[in-house]
Structures are given as C-alpha cells and as structure tokens.
Amino acid sequence: MNVKRDKTGETAELPAAMAEISEVYSVGGAYDLIAIARVKSNDDLAELVTERLAKIAAIDKTDTMLAFRALPT
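Definitions and limits used
- Residues numbered from 1 in each chain as written.
- Predicted model: local features only at pLDDT ≥ 70, side-chain atom pairs only at ≥ 80, totals over all residues.
- Heavy atoms only, no water.
- Helix = DSSP H or I, 4+ residues; strand = E, 2+ residues; numbered from the N terminus.
- Buried < 20%, exposed > 50% of the residue type's maximum accessible area, 1.4 Å probe, protein only.
- Contact = heavy atoms within 4.5 Å.
- Core = buried A, V, L, I, M, F, W, Y, C linked by side-chain atoms within 4.5 Å.

Participant: Explain the environment of Leu 53 residue by residue, including any values.
Facilitator: Considering the arrangement of structural elements, one finds Leu 53 in the loop between α2 (42-52) and β4 (59-61). Judged by relative accessible area, which is 9%, Leu 53 ranks as buried. Separated by 36 residues in sequence, Leu 53 and Ala 17 have C-alpha atoms that sit 12 Å apart. Leave out the neighbours within four places in its chain, and Leu 53 touches Pro 15, Met 18, Leu 48 and Ile 59.

Participant: Quick one: what's the story with the nonpolar core, residue by residue and with numbers?
Facilitator: Side chains of nonpolar character tend, in soluble globular proteins, to be buried together. One finds Met 1, Val 3, Ala 12, Met 18, Ile 21, Leu 33, Leu 45, Leu 48, Val 49, Leu 53, Ile 56 and Ile 59 forming the largest nonpolar core, which totals twelve residues. Broken down by element, this core gets its largest block of residues, three residues, from α2. Residues in contact with Val 49, not counting those within four places in the same chain, are Ala 54, Thr 62 and Thr 64.

This is a description of form; function is not addressed.
Here it is in structure tokens:
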C-alpha cells in the first residue's frame, strides 16, 4: 500500500485490526505498508480490498498479489 506520508502509523493500525489481516509491515522502498491477508475465497479477498481497505482515506494506492504456495526454508 502507498499511504499519505504523515499517516503511515495510524493507517497501519486499521487493517491490522481486521480479522482477515494476519500481519502488517511498515516497509521502505516502493511501498509504505504491506498487509498479509488470509482469506478463504477470491470473493472474500475482493470484498476486503475493494470495499473495506478502499474506504481507508489515507491509502492512496494498493497492489494485490496472490501467493500460490509457501516454499520451505
């Protein structure tokens, strides 16, 4: 997520409070925040991104990426 520069901390708390979001990271580089969502279906993800996250005014832009599998470390 890209968020308004002076709103990163308080914006991170909003998705972190959502049941579907397991982790929120403040990061450097092209993005400001990364949120890890764990949902049961694509419809659940669509609702989370387009309805709930979209209503957070300080979020300027999101990119959604899907993980197909976790590789062992």
